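Reading the structure
Take a look at the letters that make up each chain.
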Amino acid sequence: MKDKIISFLESDLLEKYLLGATTGEETARVERYIVMYPEVRKNFEELQENLEIFARLHTMRSPEGLKAKILQRIRSQDLGRKKFRRFAVAASVAAFLFAGSSYFFWDQNKNLKNENTIVNNRIQNLEADMKQQLEDVRNQFIVLNNPQTKKFYVNGNEKAKDLKAVAYVNPVKKLSYINVRSLPNLPQDKVYQMWAEVNGEMVNLGIIKKIEDRDRLLPLPYGKNAISYITIEPTGGNDSPTVQNIVANISY
């Protein structure tokens, strides 16, 4: 596990994330590591502070009195026509450079402020996600360790004989979860999708992806006399369950 964290920190994913340059998959990975590993979170916070310091250092103005010094130097020169014209051209160039440098620093400052806003927004979203994840973990702990929790074993029908799942329902806390432990393989154009019928309303719980964590709990909407279904649907999922393709159901 330590090697995994070191490898992650040695990559440039945190820097890319701070600058908003990560892909969707990279963003999810970075945010997951920040939540799970204190070392990663510490490095993230340090990088954020460094970015803010960098922004402050580069929020520069052109040196005060620069334009006045240029004009004074011109006035102190020979006022002959030829020299005057030469210095007038120099003053125009200097003024142009002065305006250009001012615009450059203004533009740099604006870009850094925009990047800082993006970083702050991402941090706020991350904190909200962390709170939600912590709340979900707390609820899972309650459900799994409360003696009033009911356990329901779910098996697939003839269309998915190897499908195995366990549902946990706590009527006191009004919390319910399902752990899908085994899913038979499907053709590439088919997926498993989960549904729940609660208080007369059909709720789409989304596609069940390939099982990588056999202990993962998926939330179920709680309701009295609720029913949950697992169906086979076309790739991408469906807006409503295909009744003839129900492979498992559970009343809870």
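Our structure's up above, just so we're on the same page.
Because the structure is a prediction, the values reported are computed rather than measured. (Residues numbered from 1 in each chain as written. Predicted model: local features only at pLDDT ≥ 70, side-chain atom pairs only at ≥ 80, totals over all residues. Heavy atoms only, no water.)

Ordered in space as S1-S2-S3-S6, the four strands form an open sheet in which the pairing is antiparallel. Each end of this open sheet is capped by a strand with a single partner; those strands are strand S1 (150-155) and strand S6 (218-220). Each strand axis lies, on average, 25 degrees off the axis of its neighbour in the sheet, ignoring direction. Sheet analysis places strand S3 (residues 175-182) next to S6, joined by three bridges and oriented antiparallel. Its bridge partner lying in S6, Tyr177 is registered against Pro219. (Pairing = 2+ DSSP bridges. Helix = DSSP H or I, 4+ residues; strand = E, 2+ residues; numbered from the N terminus. Axes fitted to C-alpha atoms, helices over the stretch in contact; angles between N-to-C directions.)

All right, on to the sheet that holds strand S5 (residues 201-208) then. Read across the open sheet, the four strands follow the order S5-S4-S7-S8; overall the sheet is antiparallel. Looking at strand neighbours, the two that pair on one side only are S5 and strand S8 (246-251), the edges of this open sheet. Taken over all neighbouring pairs, the strand axes of this sheet differ in orientation by 25 degrees on average, direction set aside. Bridge count for strand S4 (residues 190-198) against S5 is seven bridges, and the pairing is antiparallel. By the bridge assignment, Gln193 is partnered in S5 with Ile207.

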